[in-house]
Structure formats: C-alpha cells, structure tokens
Amino acid sequence: MSKPFIMDHPLIQHKITLLRDKNTGSKEFRELTNEIAMLMCYEATRDMPMKQVEVETPICVGKFNVIAGRKIAFIPILRAGLGMVDGLLSLVPAAKVGHIGMYRDPDTHMPVEYYCKLPADIQERDILVLDPMLATGGSAVDAINQLKARGCTNIKFMCIIAAPEGLAAMEKAHPDVQIYVGALDDHLNEHMYIVPGLGDAGDRIFGTK
Ligand code: PRP
Ligand code: URA
C-alpha cells in the first residue's frame, strides 16, 4: 500500500485552520474548501503523463511538454465532496464529474447510498474521489467499492481532514488507492466526528445547520 500523502504545505495548513474555526461562515468555508482542493490537486496530479509538442517561440522552434490528455474523472461524494469540485475543475477543466450520493445514518454511522451517476466511460478514466472528511472511512470505502464494481481500477482519494480510524479502514479495504490528506487529526468522538476536526462539513458548506 502507498502511504497516505499528508500535505504539509503552509498554504494548505493555514487555510485548513481557517476552516476549523467555528466562526467561519458558509461563504468563506466554501471558498476555502475550493482553494484547498485546488492546492491539493497540484500533488494529486503529479504523475499525469506528458507528451512533447513542437512550438515556435519568438526565438526558435523547440519541443516542449504538455499534458498527454489521459482521461480523468472527479467523483465527489455528496454532499460535502461537491465543495471541492470547482477548485479542481479550475485546474483541470476537461475532467468529467461523476456523483455518488451517500449520507451517514445518524444512529448507526453507517453510510447509506442514495445516488450514483458516473461518466459512461468511467472504467477508462483516472479517478479522483473527493470528500473533505474521512472519519470512520465507511463512506469512502463504499464509494470506492461501487467504482470497483463498475470496473474502475485507477482510483485515488482526496480528503481535507482524515482520522486515523478512516485511514486504517481505507488501507484494509483498498490498499491500492493512494490517499491525499490535508491534515491528519487525532481521533473520533463518540458521535464519530473527527476531533479536533471542523464539525459537519456538508452543513457548513451548505449552511444547513
Ligand atoms: C460526511 C462526510 C463524509 C462522511 C465521512 O458526510 O462528507 O461523506 O460524513 O464519514 P465516514 O468516514 O464516517 O463515512 P455526511 O454523511 O455528513 O453527509 P453530507 O455530506 O450530505 O453532509
Ligand atoms: N463527517 C463530517 O462532516 N465531519 C466529521 O467530523 C465526521 C464526518
């Protein structure tokens, strides 16, 4: 298994600290979530294949690198994953976006699936699954199960805050999936919320609480 890639860049850490603040309102929370996703995208796309093209500069003709154009798909886990999509699309506008709808049952904390709509050629794409929060890992593990059941193989997962419990669950279920993490927190509380965390990401993005 590849080790989780923890992003310790000062810009990412600074913005995550602002996200954690309970006084940060929904507008700023949404902006920060997209900005963090955009910064994390830099590392998560580091292995994108390149090809050389000929370009004439004002000085001479030369061969230079461009992205080879392999197909990529972003798959946000609804709702909170939606908050990361625009940031990523601003860097990779040609990506397709699929959606997996899932919520945690408030009593059992188990994920409940309610929606799945993916690009028709999803099996041929490099996939980046998005969710700001990896708590027990149940939602991410299930979402990736669904993708694998549809024949997807090249899958990465990006979250802004992870709990050790969620990383362990992912490692057990999907050791082949590279995980990109903005911050690794301490533990889960009795309600399966990440401590110190940032609260309920979906509610804070959409202002539903
Ligand atoms: C949150 C979060 C993840 C999930 C993480 O979603 O966005 O999807 O919880 O928890 P887990 O790792 O224990 O599965 P939530 O169920 O609150 O739904 P929402 O995004 O619609 O608010
Ligand atoms: N989902 C969230 O939005 N926050 C947590 O801390 C755990 C699950």
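Right above here is the structure, for reference.
Right, let's walk through the structure included here. (Residues numbered from 1 in each chain as written. Chains lettered and ligands numbered in written order. Predicted model: local features only at pLDDT ≥ 70, side-chain atom pairs only at ≥ 80, totals over all residues. Heavy atoms only, no water.)

1. Some points on the site of ligand 1
Neighbouring ligand 1 are 16 residues, the closest being Arg104, Asp131, Thr136, Gly137 and Ser139. Arg79 is positioned such that a nitrogen or oxygen atom in its side chain is 2.9 Å from an oxygen atom of ligand 1. Asp131 is positioned with one of its side-chain polar atoms (N or O) 2.5 Å from an oxygen atom of ligand 1. With the chains in place, 91% of the 500 Å² that ligand 1 exposes on its own is no longer accessible. Counting residues per element, the ones that place at least two in the shell around ligand 1 are β6 (99-104), β9 (133-134) and α4 (138-149). Top contributing element to the shell around ligand 1 by residue count: β6, with 3 residues. (Near = heavy atom within 4 Å. Polar contact = N/O pair within 3.5 Å; in protein donor to acceptor, adjacent residues only side chain to side chain. Areas by Shrake-Rupley, 256 points an atom, 1.4 Å probe, with all protein chains shown as cover. Helix = DSSP H or I, 4+ residues; strand = E, 2+ residues; numbered from the N terminus.)

2. Section: the pairing of strand β10 (residues 155-162)
For β10, a buried count of 8 out of 8 residues is recorded, marking the element as mostly surrounded by other parts of the structure. Of the strand pairs in this sheet, strand β8 (residues 126-130) and β10 are connected by 4 bridges, and their pairing is parallel. Looking at β10, one finds that Val129 is bridged to Phe157. Bridging between β9 and β10 involves 2 bridges; their strand directions are parallel. In the strand pairing of β10, Leu134 is matched with Ala162. In terms of handedness, the path from β9 via α4 over to β10 forms a crossover that is right-handed. Relative to strand β11 (residues 178-184), β10 runs parallel, the two being bridged by 6 bridges. Within β11, the residue paired with Lys156 across the bridge is Gln178. Regarding topology, helix α5 (residues 164-173) serves as the crossover connection from β10 to the parallel β11, and that connection is right-handed. (Buried < 20%, exposed > 50% of the residue type's maximum accessible area, 1.4 Å probe, protein only. Pairing = 2+ DSSP bridges. Right-handed = clockwise from strand over helix to strand, strands pointing away.)

Geometry only, nothing functional implied.
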